[in-house]
Amino acid sequence: MIKVSDVVIIGGGIIGISIAYHLAKSGCSNVVVLEKEDLIGAGSTSKGAGGIRQQFSTEINIRLSMESVKIFERFADEMGCEEVFYQNGYLFLLSTEEEMKSFKKNVELQRDLGLEVDILSPDEMRAMIPFINTEDILGVTFCRSDGYADIDGVLQGFAREAKRLGVKIYLKTEVEGIEVENGRVCKVRTRRGDIETHTVINAGGPYSAIIGKMVGIDLPITPFKRQIFVTEPLDFIPDSMPMIIDFHTKFYCRKESGGLLMGGGEKKESSGFDTNVDWGVLESLVEKGIHRIPGIKDARIKKGWAGLYSITLDFNPILGKVPHVEGFVCAVGFSGHGFMHSPIVGKLISELIIDGEASTIDISPLSINRFEDKDRIIPEENVI
Ligand SMILES: Cc1cc2nc3c(=O)[nH]c(=O)nc-3n(C[C@H](O)[C@H](O)[C@H](O)COP(=O)(O)OP(=O)(O)OC[C@H]3O[C@@H](n4cnc5c(N)ncnc54)[C@H](O)[C@@H]3O)c2cc1C
(Lines give C-alpha, C1' and ligand atoms only; values in the text may rest on other atoms or scores of the structure.)
Protein backbone atom coordinates (compact mmCIF):
# COMPACT_ATOMS: atom_id res chain seq x y z
CA MET A 1 0.00 0.00 0.00
CA ILE A 2 1.11 3.56 -0.73
CA LYS A 3 2.90 5.27 2.22
CA VAL A 4 2.32 8.97 1.43
CA SER A 5 -0.59 10.74 -0.23
CA ASP A 6 -1.76 14.32 -0.82
CA VAL A 7 -5.35 13.45 0.09
CA VAL A 8 -6.80 10.42 1.92
CA ILE A 9 -10.54 9.90 1.55
CA ILE A 10 -12.14 7.64 4.16
CA GLY A 11 -15.12 5.87 2.61
CA GLY A 12 -15.68 4.45 -0.84
CA GLY A 13 -19.36 5.32 -1.12
CA ILE A 14 -20.77 7.63 -3.78
CA ILE A 15 -19.58 10.72 -1.86
CA GLY A 16 -15.97 9.58 -1.42
CA ILE A 17 -15.71 8.31 -4.99
CA SER A 18 -17.21 11.49 -6.47
CA ILE A 19 -14.76 13.61 -4.46
CA ALA A 20 -11.87 11.43 -5.68
CA TYR A 21 -13.00 11.82 -9.29
CA HIS A 22 -13.40 15.60 -9.06
CA LEU A 23 -10.02 16.04 -7.33
CA ALA A 24 -8.28 13.98 -9.99
CA LYS A 25 -10.11 15.76 -12.79
CA SER A 26 -8.84 19.08 -11.39
CA GLY A 27 -5.26 17.84 -11.39
CA CYS A 28 -4.91 16.51 -7.83
CA SER A 29 -4.40 12.84 -8.58
CA ASN A 30 -2.24 11.69 -5.65
CA VAL A 31 -5.45 10.68 -3.92
CA VAL A 32 -6.24 7.50 -2.00
CA VAL A 33 -9.71 6.16 -1.13
CA LEU A 34 -9.85 3.74 1.81
CA GLU A 35 -12.91 1.49 2.04
CA LYS A 36 -13.42 -1.03 4.81
CA GLU A 37 -15.71 -3.34 2.83
CA ASP A 38 -14.69 -5.51 -0.12
CA LEU A 39 -16.68 -3.41 -2.64
CA ILE A 40 -17.10 0.30 -3.25
CA GLY A 41 -20.67 1.46 -2.58
CA ALA A 42 -21.33 -1.40 -0.13
CA GLY A 43 -22.73 1.03 2.49
CA SER A 44 -25.75 3.31 2.11
CA THR A 45 -24.97 3.97 -1.54
CA SER A 46 -26.07 0.56 -2.84
CA LYS A 47 -29.24 0.64 -0.68
CA GLY A 48 -30.79 3.79 -2.13
CA ALA A 49 -33.65 4.39 -4.55
CA GLY A 50 -31.54 6.44 -6.96
CA GLY A 51 -33.98 9.37 -6.80
CA ILE A 52 -32.77 12.77 -8.02
CA ARG A 53 -34.95 15.77 -7.24
CA GLN A 54 -34.59 19.51 -7.12
CA GLN A 55 -37.81 20.14 -5.23
CA PHE A 56 -36.57 21.12 -1.77
CA SER A 57 -37.63 23.78 0.73
CA THR A 58 -34.23 25.39 1.32
CA GLU A 59 -32.15 27.41 -1.11
CA ILE A 60 -28.98 25.46 -0.41
CA ASN A 61 -30.57 22.08 -1.22
CA ILE A 62 -32.25 23.40 -4.38
CA ARG A 63 -28.89 24.75 -5.54
CA LEU A 64 -27.05 21.51 -4.69
CA SER A 65 -29.63 19.56 -6.70
CA MET A 66 -29.72 21.93 -9.68
CA GLU A 67 -25.93 21.83 -10.02
CA SER A 68 -25.91 18.04 -9.60
CA VAL A 69 -28.59 17.62 -12.27
CA LYS A 70 -26.34 19.49 -14.72
CA ILE A 71 -23.60 16.91 -14.03
CA PHE A 72 -26.01 13.95 -14.26
CA GLU A 73 -27.24 15.30 -17.61
CA ARG A 74 -23.78 15.17 -19.14
CA PHE A 75 -22.58 12.13 -17.16
CA ALA A 76 -22.81 9.56 -19.96
CA ASP A 77 -20.87 11.80 -22.37
CA GLU A 78 -18.27 12.76 -19.79
CA MET A 79 -17.69 9.17 -18.64
CA GLY A 80 -18.10 7.55 -22.04
CA CYS A 81 -20.74 5.16 -20.70
CA GLU A 82 -24.37 4.24 -21.39
CA GLU A 83 -27.12 6.63 -20.25
CA VAL A 84 -27.62 6.37 -16.47
CA PHE A 85 -30.03 9.25 -15.85
CA TYR A 86 -33.78 8.90 -16.49
CA GLN A 87 -35.43 12.33 -16.34
CA ASN A 88 -38.97 11.11 -15.81
CA GLY A 89 -39.78 13.86 -13.32
CA TYR A 90 -40.91 13.81 -9.68
CA LEU A 91 -44.46 14.28 -8.49
CA PHE A 92 -45.22 15.40 -4.94
CA LEU A 93 -48.83 14.53 -4.06
CA LEU A 94 -50.35 16.86 -1.47
CA SER A 95 -53.39 16.05 0.66
CA THR A 96 -53.92 18.96 3.06
CA GLU A 97 -54.29 22.74 2.79
CA GLU A 98 -51.22 23.08 4.97
CA GLU A 99 -49.15 20.96 2.58
CA MET A 100 -50.47 22.96 -0.39
CA LYS A 101 -49.49 26.21 1.30
CA SER A 102 -45.98 25.13 2.16
CA PHE A 103 -45.35 23.56 -1.27
CA LYS A 104 -46.59 26.70 -3.04
CA LYS A 105 -44.01 28.61 -1.00
CA ASN A 106 -41.34 26.05 -1.98
CA VAL A 107 -42.30 26.35 -5.66
CA GLU A 108 -41.94 30.14 -5.48
CA LEU A 109 -38.41 29.77 -4.13
CA GLN A 110 -37.58 27.03 -6.66
CA ARG A 111 -38.81 29.23 -9.55
CA ASP A 112 -36.85 32.23 -8.20
CA LEU A 113 -33.75 30.05 -8.41
CA GLY A 114 -34.53 29.19 -12.04
CA LEU A 115 -36.15 25.78 -11.67
CA GLU A 116 -39.14 24.89 -13.86
CA VAL A 117 -41.83 23.42 -11.60
CA ASP A 118 -45.55 23.04 -12.28
CA ILE A 119 -48.47 22.90 -9.87
CA LEU A 120 -51.01 20.44 -11.27
CA SER A 121 -54.59 19.64 -10.34
CA PRO A 122 -55.48 16.01 -9.53
CA ASP A 123 -57.20 15.74 -12.94
CA GLU A 124 -54.11 16.99 -14.74
CA MET A 125 -52.03 14.40 -12.93
CA ARG A 126 -54.52 11.61 -13.72
CA ALA A 127 -54.27 12.54 -17.39
CA MET A 128 -50.57 11.82 -17.07
CA ILE A 129 -50.84 8.72 -14.81
CA PRO A 130 -54.32 7.18 -15.11
CA PHE A 131 -53.68 4.38 -12.58
CA ILE A 132 -53.28 6.78 -9.62
CA ASN A 133 -56.04 7.22 -7.05
CA THR A 134 -56.46 10.97 -6.52
CA GLU A 135 -59.60 10.96 -4.31
CA ASP A 136 -57.75 12.56 -1.35
CA ILE A 137 -55.30 14.68 -3.35
CA LEU A 138 -55.67 18.48 -3.43
CA GLY A 139 -52.78 19.25 -5.73
CA VAL A 140 -49.46 18.09 -7.08
CA THR A 141 -46.10 19.68 -7.78
CA PHE A 142 -44.22 18.36 -10.79
CA CYS A 143 -40.65 19.00 -11.91
CA ARG A 144 -39.96 17.26 -15.20
CA SER A 145 -36.16 17.61 -15.00
CA ASP A 146 -36.10 15.51 -11.80
CA GLY A 147 -35.80 11.75 -12.13
CA TYR A 148 -33.64 8.84 -11.01
CA ALA A 149 -30.39 7.22 -12.01
CA ASP A 150 -28.69 3.86 -12.08
CA ILE A 151 -26.72 4.08 -8.82
CA ASP A 152 -24.10 1.49 -9.74
CA GLY A 153 -23.64 3.04 -13.18
CA VAL A 154 -22.88 6.42 -11.62
CA LEU A 155 -20.60 4.95 -8.93
CA GLN A 156 -18.62 2.81 -11.38
CA GLY A 157 -18.42 5.69 -13.87
CA PHE A 158 -16.84 8.01 -11.30
CA ALA A 159 -14.57 5.23 -9.99
CA ARG A 160 -13.36 4.14 -13.41
CA GLU A 161 -12.44 7.68 -14.43
CA ALA A 162 -10.89 8.45 -11.03
CA LYS A 163 -8.63 5.38 -11.34
CA ARG A 164 -7.73 6.26 -14.91
CA LEU A 165 -6.62 9.68 -13.65
CA GLY A 166 -4.40 8.11 -10.97
CA VAL A 167 -6.59 7.68 -7.87
CA LYS A 168 -5.91 4.55 -5.82
CA ILE A 169 -8.84 2.77 -4.20
CA TYR A 170 -7.97 0.27 -1.45
CA LEU A 171 -10.74 -2.13 -0.42
CA LYS A 172 -10.88 -4.10 2.85
CA THR A 173 -8.88 -1.28 4.41
CA GLU A 174 -10.53 0.01 7.54
CA VAL A 175 -9.19 3.24 9.01
CA GLU A 176 -8.54 2.69 12.70
CA GLY A 177 -7.05 6.02 13.68
CA ILE A 178 -5.95 9.45 12.53
CA GLU A 179 -2.89 11.12 14.00
CA VAL A 180 -2.87 14.86 14.60
CA GLU A 181 0.32 16.82 15.31
CA ASN A 182 0.31 20.50 16.31
CA GLY A 183 -3.37 20.77 15.38
CA ARG A 184 -2.89 19.32 11.89
CA VAL A 185 -3.64 15.82 10.58
CA CYS A 186 -0.47 13.99 9.62
CA LYS A 187 -1.21 10.28 9.36
CA VAL A 188 -4.01 7.77 8.81
CA ARG A 189 -3.66 4.38 10.47
CA THR A 190 -5.09 1.20 8.94
CA ARG A 191 -4.57 -2.49 9.61
CA ARG A 192 -2.69 -2.67 6.33
CA GLY A 193 -0.26 0.11 7.26
CA ASP A 194 -0.08 3.86 7.74
CA ILE A 195 -0.38 6.64 5.16
CA GLU A 196 1.18 10.03 5.76
CA THR A 197 -0.99 12.90 4.58
CA HIS A 198 -1.95 16.48 5.44
CA THR A 199 -5.53 16.18 4.16
CA VAL A 200 -8.11 13.64 5.31
CA ILE A 201 -11.69 13.66 4.03
CA ASN A 202 -14.35 12.05 6.17
CA ALA A 203 -16.81 10.44 3.73
CA GLY A 204 -17.73 7.61 6.09
CA GLY A 205 -21.52 7.87 5.65
CA PRO A 206 -23.33 6.49 8.73
CA TYR A 207 -19.96 5.81 10.39
CA SER A 208 -18.71 9.36 10.03
CA ALA A 209 -19.26 10.27 13.70
CA ILE A 210 -16.88 7.41 14.65
CA ILE A 211 -14.31 8.84 12.22
CA GLY A 212 -14.85 12.34 13.68
CA LYS A 213 -14.01 10.98 17.14
CA MET A 214 -10.61 9.86 15.78
CA VAL A 215 -9.64 13.56 15.68
CA GLY A 216 -11.62 14.49 18.81
CA ILE A 217 -14.65 15.98 17.05
CA ASP A 218 -18.31 15.30 17.84
CA LEU A 219 -20.28 15.11 14.62
CA PRO A 220 -24.05 15.23 15.29
CA ILE A 221 -24.91 12.41 12.88
CA THR A 222 -27.20 9.52 13.68
CA PRO A 223 -27.81 6.42 11.54
CA PHE A 224 -31.45 5.41 10.99
CA LYS A 225 -32.66 2.33 9.14
CA ARG A 226 -34.73 2.81 5.96
CA GLN A 227 -36.15 0.07 3.72
CA ILE A 228 -37.15 -0.56 0.14
CA PHE A 229 -39.30 -3.31 -1.38
CA VAL A 230 -39.73 -4.18 -5.06
CA THR A 231 -42.68 -6.03 -6.64
CA GLU A 232 -42.63 -8.57 -9.45
CA PRO A 233 -43.10 -6.96 -12.92
CA LEU A 234 -46.46 -5.18 -13.44
CA ASP A 235 -47.53 -4.64 -17.03
CA PHE A 236 -49.55 -1.43 -16.46
CA ILE A 237 -46.54 0.65 -15.37
CA PRO A 238 -45.00 2.59 -18.26
CA ASP A 239 -41.25 3.21 -18.55
CA SER A 240 -42.00 6.93 -18.44
CA MET A 241 -43.56 6.80 -14.94
CA PRO A 242 -42.20 9.65 -12.78
CA MET A 243 -41.04 9.15 -9.21
CA ILE A 244 -44.10 9.63 -6.98
CA ILE A 245 -43.95 10.94 -3.42
CA ASP A 246 -47.12 10.82 -1.37
CA PHE A 247 -46.04 13.62 0.93
CA HIS A 248 -48.70 13.04 3.57
CA THR A 249 -47.75 9.42 4.21
CA LYS A 250 -44.17 9.76 2.90
CA PHE A 251 -44.76 6.68 0.70
CA TYR A 252 -42.70 6.83 -2.51
CA CYS A 253 -42.43 4.67 -5.59
CA ARG A 254 -41.02 4.40 -9.09
CA LYS A 255 -40.62 1.75 -11.76
CA GLU A 256 -37.80 -0.76 -11.20
CA SER A 257 -37.01 -3.89 -13.23
CA GLY A 258 -40.56 -3.84 -14.63
CA GLY A 259 -42.12 -3.75 -11.15
CA LEU A 260 -42.68 -1.08 -8.53
CA LEU A 261 -39.95 0.04 -6.12
CA MET A 262 -41.59 1.26 -2.89
CA GLY A 263 -40.27 2.86 0.26
CA GLY A 264 -40.78 5.57 2.85
CA GLY A 265 -43.49 6.13 5.39
CA GLU A 266 -41.65 4.23 8.10
CA LYS A 267 -42.12 5.21 11.70
CA LYS A 268 -38.97 6.65 13.25
CA GLU A 269 -37.10 3.63 14.52
CA SER A 270 -34.39 3.77 17.12
CA SER A 271 -31.01 4.70 15.76
CA GLY A 272 -28.29 2.15 15.10
CA PHE A 273 -26.29 0.30 12.49
CA ASP A 274 -28.64 -2.69 12.03
CA THR A 275 -29.45 -3.33 8.36
CA ASN A 276 -31.47 -6.52 8.65
CA VAL A 277 -34.75 -6.28 6.74
CA ASP A 278 -37.72 -5.78 9.05
CA TRP A 279 -40.52 -7.49 7.11
CA GLY A 280 -42.97 -6.20 9.74
CA VAL A 281 -43.09 -2.78 8.05
CA LEU A 282 -44.22 -4.28 4.75
CA GLU A 283 -47.93 -4.51 5.59
CA SER A 284 -48.41 -0.81 6.31
CA LEU A 285 -46.21 0.19 3.36
CA VAL A 286 -48.21 -1.99 0.96
CA GLU A 287 -51.45 -0.59 2.40
CA LYS A 288 -50.29 2.95 1.53
CA GLY A 289 -49.20 1.72 -1.89
CA ILE A 290 -52.54 0.03 -2.67
CA HIS A 291 -54.43 3.12 -1.57
CA ARG A 292 -52.48 5.23 -4.07
CA ILE A 293 -52.10 2.64 -6.86
CA PRO A 294 -54.98 0.14 -6.48
CA GLY A 295 -53.62 -1.90 -9.41
CA ILE A 296 -50.85 -3.33 -7.23
CA LYS A 297 -53.23 -5.14 -4.87
CA ASP A 298 -52.31 -8.60 -6.19
CA ALA A 299 -48.64 -7.83 -6.81
CA ARG A 300 -46.05 -10.12 -5.25
CA ILE A 301 -43.01 -8.72 -3.47
CA LYS A 302 -39.83 -9.90 -5.19
CA LYS A 303 -37.22 -8.49 -2.81
CA GLY A 304 -36.53 -6.04 -0.03
CA TRP A 305 -33.47 -4.49 1.55
CA ALA A 306 -32.50 -2.09 4.32
CA GLY A 307 -29.87 0.63 4.51
CA LEU A 308 -28.97 3.61 6.66
CA TYR A 309 -29.75 7.30 6.42
CA SER A 310 -27.15 9.55 8.15
CA ILE A 311 -29.32 12.16 9.82
CA THR A 312 -28.30 15.54 11.25
CA LEU A 313 -30.40 17.88 13.40
CA ASP A 314 -31.59 19.86 10.36
CA PHE A 315 -31.51 17.04 7.74
CA ASN A 316 -28.71 18.87 5.93
CA PRO A 317 -25.17 17.64 5.40
CA ILE A 318 -22.04 18.89 7.11
CA LEU A 319 -19.60 20.07 4.46
CA GLY A 320 -16.16 21.55 4.82
CA LYS A 321 -13.36 22.13 7.28
CA VAL A 322 -13.72 21.80 11.05
CA PRO A 323 -12.40 24.07 13.78
CA HIS A 324 -9.13 23.19 15.56
CA VAL A 325 -8.09 20.28 13.31
CA GLU A 326 -6.41 21.55 10.18
CA GLY A 327 -6.59 19.27 7.17
CA PHE A 328 -9.71 17.40 8.33
CA VAL A 329 -12.63 17.91 5.93
CA CYS A 330 -16.18 16.54 6.28
CA ALA A 331 -18.65 15.46 3.60
CA VAL A 332 -21.18 13.70 5.81
CA GLY A 333 -24.78 13.58 7.06
CA PHE A 334 -26.69 13.42 3.78
CA SER A 335 -29.98 12.05 5.10
CA GLY A 336 -31.86 10.66 2.05
CA HIS A 337 -30.17 13.00 -0.45
CA GLY A 338 -26.56 11.87 -0.68
CA PHE A 339 -26.79 10.14 -4.03
CA MET A 340 -28.53 13.04 -5.77
CA HIS A 341 -26.09 15.57 -4.30
CA SER A 342 -22.94 13.49 -4.81
CA PRO A 343 -21.84 15.05 -8.13
CA ILE A 344 -21.79 18.64 -6.88
CA VAL A 345 -20.47 17.66 -3.44
CA GLY A 346 -17.49 16.02 -5.17
CA LYS A 347 -16.88 19.20 -7.13
CA LEU A 348 -17.30 21.53 -4.13
CA ILE A 349 -14.96 19.56 -1.88
CA SER A 350 -12.36 19.40 -4.64
CA GLU A 351 -12.62 23.22 -5.02
CA LEU A 352 -12.22 23.60 -1.26
CA ILE A 353 -9.07 21.47 -1.22
CA ILE A 354 -7.44 22.78 -4.37
CA ASP A 355 -8.44 26.48 -4.25
CA GLY A 356 -9.04 26.92 -0.51
CA GLU A 357 -12.78 27.55 -0.93
CA ALA A 358 -15.81 26.13 -2.69
CA SER A 359 -16.76 28.54 -5.47
CA THR A 360 -19.60 26.91 -7.43
CA ILE A 361 -21.89 27.23 -4.38
CA ASP A 362 -21.26 28.95 -1.05
CA ILE A 363 -21.18 26.02 1.40
CA SER A 364 -20.89 28.12 4.56
CA PRO A 365 -24.57 27.38 5.49
CA LEU A 366 -23.49 23.72 5.77
CA SER A 367 -20.51 24.34 8.06
CA ILE A 368 -20.40 22.38 11.32
CA ASN A 369 -20.32 25.76 13.13
CA ARG A 370 -24.02 26.28 12.37
CA PHE A 371 -24.97 23.98 15.23
CA GLU A 372 -23.52 26.49 17.72
CA ASP A 373 -25.94 29.21 16.62
CA LYS A 374 -29.64 28.25 16.44
CA ASP A 375 -30.40 31.17 14.09
CA ARG A 376 -28.14 29.66 11.45
CA ILE A 377 -30.01 26.33 11.39
CA ILE A 378 -32.55 26.16 8.56
CA PRO A 379 -34.06 22.67 8.59
CA GLU A 380 -35.01 21.05 5.31
CA GLU A 381 -38.78 20.47 5.45
CA ASN A 382 -39.10 18.42 2.30
CA VAL A 383 -37.68 15.17 3.69
CA ILE A 384 -38.82 11.59 3.27
C1 LIG B 1 -33.49 3.06 1.70
C2 LIG B 1 -32.70 4.25 1.24
C3 LIG B 1 -33.16 5.01 0.16
C4 LIG B 1 -32.42 6.10 -0.29
N5 LIG B 1 -32.86 6.77 -1.40
C6 LIG B 1 -32.14 7.81 -1.87
C7 LIG B 1 -32.54 8.50 -3.04
O8 LIG B 1 -33.55 8.15 -3.67
N9 LIG B 1 -31.77 9.54 -3.47
C10 LIG B 1 -30.65 9.94 -2.81
O11 LIG B 1 -30.02 10.91 -3.21
N12 LIG B 1 -30.25 9.31 -1.69
C13 LIG B 1 -30.95 8.25 -1.21
N14 LIG B 1 -30.54 7.61 -0.09
C15 LIG B 1 -29.40 8.15 0.66
C16 LIG B 1 -28.09 7.79 -0.01
O17 LIG B 1 -28.04 6.40 -0.22
C18 LIG B 1 -26.94 8.24 0.88
O19 LIG B 1 -27.12 9.59 1.27
C20 LIG B 1 -25.61 8.13 0.17
O21 LIG B 1 -25.41 6.84 -0.32
C22 LIG B 1 -24.49 8.49 1.11
O23 LIG B 1 -23.28 8.14 0.50
P24 LIG B 1 -21.95 8.10 1.36
O25 LIG B 1 -20.85 7.85 0.41
O26 LIG B 1 -21.90 9.30 2.23
O27 LIG B 1 -22.18 6.88 2.37
P28 LIG B 1 -21.91 5.33 2.17
O29 LIG B 1 -22.38 4.82 0.88
O30 LIG B 1 -22.42 4.64 3.40
O31 LIG B 1 -20.33 5.26 2.13
C32 LIG B 1 -19.54 5.39 3.28
C33 LIG B 1 -18.48 4.33 3.18
O34 LIG B 1 -17.51 4.53 4.22
C35 LIG B 1 -17.03 3.26 4.60
N36 LIG B 1 -16.39 3.41 5.90
C37 LIG B 1 -16.98 3.80 7.06
N38 LIG B 1 -16.07 3.83 8.06
C39 LIG B 1 -14.88 3.48 7.51
C40 LIG B 1 -13.57 3.32 8.02
N41 LIG B 1 -13.28 3.54 9.32
N42 LIG B 1 -12.57 2.95 7.19
C43 LIG B 1 -12.83 2.72 5.87
N44 LIG B 1 -14.06 2.82 5.32
C45 LIG B 1 -15.07 3.22 6.14
C46 LIG B 1 -18.28 2.42 4.61
O47 LIG B 1 -18.00 1.04 4.53
C48 LIG B 1 -19.04 2.93 3.39
O49 LIG B 1 -18.81 2.17 2.23
C50 LIG B 1 -31.22 6.49 0.37
C51 LIG B 1 -30.76 5.73 1.44
C52 LIG B 1 -31.47 4.61 1.86
C53 LIG B 1 -30.94 3.81 3.01
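Residues numbered from 1 in each chain as written. Predicted model: local features only at pLDDT ≥ 70, side-chain atom pairs only at ≥ 80, totals over all residues.

Moving on: the overall build of the protein. Looking only at helices and strands, the protein has eight helices and 20 strands in total. Taking 2.2 N^0.38 as the reference for a compact globule, 384 residues should give roughly 21 Å; the C-alpha atoms of the protein span a radius of gyration of 21 Å, in line with that estimate. Along the first, second and third principal axes, the C-alpha atoms of the protein reach 65 × 40 × 40 Å. Burial statistics for the protein: of 384 residues in total, 47% are counted as buried. Long-range pairs, those at least 24 residues apart, make up 75% of the contacts in the protein with a sequence separation of at least 6. (Helix = DSSP H or I, 4+ residues; strand = E, 2+ residues; numbered from the N terminus. Rg over C-alpha atoms; globule rule 2.2 N^0.38 Å. Buried ≥ 20, exposed ≤ 12 C-beta atoms within 10 Å, placed from the backbone. Contact = placed C-beta atoms within 7 Å.)

This brings us to the site of the ligand. G11, G13, G43, G205 and G338 are the nearest of the 41 residues found near the ligand. Those elements that provide at least two residues to the shell around the ligand are helix 1 (14–25), strand 14 (222–231), strand 18 (301–311) and helix 8 (338–355). Partitioning the shell around the ligand into residue classes produces 17 nonpolar, 18 polar and six charged. Three or more residues apiece are contributed to the shell around the ligand by two domains, here domain 1 (7–47 + 152–220 + 314–376) and domain 2 (87–145 + 222–311). (Near = placed C-beta within 6 Å. Nonpolar A, V, L, I, M, F, W, Y, C, P; charged D, E, K, R; others polar. Domains from an automatic or database assignment.)

Across the sheet, which stays open at both edges, the eight strands sit in the order 6-7-5-15-16-17-14-18 with mixed pairing between neighbours. Each edge of the sheet is formed by a strand with only one pairing partner; in this case those strands are strand 6 (118–120) and strand 18. When the angles between neighbouring strand axes are averaged without regard to direction, this sheet yields 20 degrees. Pairing of strand 15 (residues 243–246) with strand 16 (residues 251–256) involves three bridges; the strand directions are antiparallel. The partner of D246 across the bridge, within strand 16, is F251. Helix-sheet contacts for helix 3 (residues 97–112) involve strand 5 (90–94), strand 6 and strand 7 (139–143), and the interaxial angle to strand 5 is about 145 degrees. Running at roughly 75 degrees to strand 16, helix 7 (residues 282–292) makes contact with strand 14, strand 15, strand 16, strand 17 (259–264) and strand 18 of the sheet. (Pairing = 2+ DSSP bridges. Axes fitted to C-alpha atoms, helices over the stretch in contact; angles between N-to-C directions.)

A separate point is the pairing of strand 11 (residues 184–190). With six bridges joining them, strand 10 (residues 175–181) and strand 11 adopt antiparallel strand pairing. Paired with V180 across the two strands is V185, which belongs to strand 11. Between the end of strand 10 and the start of strand 11, which pair antiparallel, lie two residues, with N182 showing a positive phi angle near 50 degrees. One ladder, built from four bridges, connects strand 11 with strand 12 (residues 193–196); its direction is antiparallel. Following the sheet pairing, V188 is matched in strand 12 by I195. Between strand 11 and strand 12, which pair antiparallel in sequence order, lie two residues.

This brings us to the sheet that holds strand 19 (residues 318–321). As a general point, the strands of a sheet are linked pairwise by backbone hydrogen bonds and lie either parallel or antiparallel. The sheet built from six strands is open, its strands ordered 9-2-1-13-20-19 with mixed pairing. Across the chains shown, the open sheet's two edge strands, defined by having one partner strand only, are strand 9 (168–170) and strand 19. Within this sheet the neighbouring strands show an average axis-to-axis angle of 20 degrees, counted without direction. Of the strand pairs in this sheet, strand 2 (residues 31–34) and strand 9 are connected by three bridges, and their pairing is parallel. Note on strand 9: the bridge partner recorded for V32 is K168. Its contacts with the sheet put helix 1 on strand 1 (7–10), strand 2, strand 13 (200–202) and strand 20 (328–332), and the angle it makes with strand 2 is roughly 170 degrees. Contacts from helix 8 reach strand 1, strand 13, strand 19 and strand 20, with the element oriented near 170 degrees to strand 20.

It is worth spelling out the nonpolar core at this point. One finds I9, I17, A20, I201, I245 and A331 to be the most contacted residues of the largest nonpolar core, which totals 107 residues. Shared between two domains, this core holds at least three residues of each, these being domain 1 (7–47 + 152–220 + 314–376) and domain 2 (87–145 + 222–311). When sequence neighbours within four positions are dropped, the list of residues in contact with A331 reads I15, I19, I201, N202, A203, L319, V345 and I349. (Core = buried A, V, L, I, M, F, W, Y, C linked by C-beta atoms within 7 Å.)

A regular strand places its side chains so that they alternate between the two faces of the sheet. Burial along strand 1 is two-sided: the residues V7 and I9 and V8 and I10 are all buried. On the question of chirality, the crossover connecting strand 1 to the parallel strand 2 by way of helix 1 is right-handed. For strand 1 and strand 13, the ladder comprises three bridges, and the chain directions are parallel. Bridged to I10 within strand 13 is N202. (Right-handed = clockwise from strand over helix to strand, strands pointing away.)

The next point concerns the domain arrangement of the protein. Each assigned domain of the protein is listed here: domain 1 (7–47 + 152–220 + 314–376) and domain 2 (87–145 + 222–311). In this structure, domain 1 and domain 2 have C-alpha centres spaced 30 Å apart. Taken together, the contact pairs eleven residues of domain 1 with nine residues of domain 2. Taken together, the residues that form the side of domain 1 that touches domain 2 break down as four nonpolar, six polar and one charged.

Further remarks concern helix 3. A rise of 1.5 Å per residue sets the reference length of helix 3, with its 16 residues, at 22 Å; its end C-alpha atoms lie 23 Å apart and thus fit the reference within 8%. Among the residues of helix 3, those classed as buried are F103, N106 and Q110. When helix 3 is viewed along its axis, its buried side chains cluster within an angular range of 55 degrees and face the same direction. Pointing more than 90 degrees away from the buried face of helix 3 are the exposed residues E97, E98, K101, K105, E108, R111 and D112. Next to the buried residues of helix 3 lie helix 2 (59–79), strand 5 and strand 7. Positive backbone phi, approximately 100 degrees, marks G114, located one or two places after helix 3. (Expected span 1.5 Å × (residues − 1). Arc of directions from axis to C-beta.)

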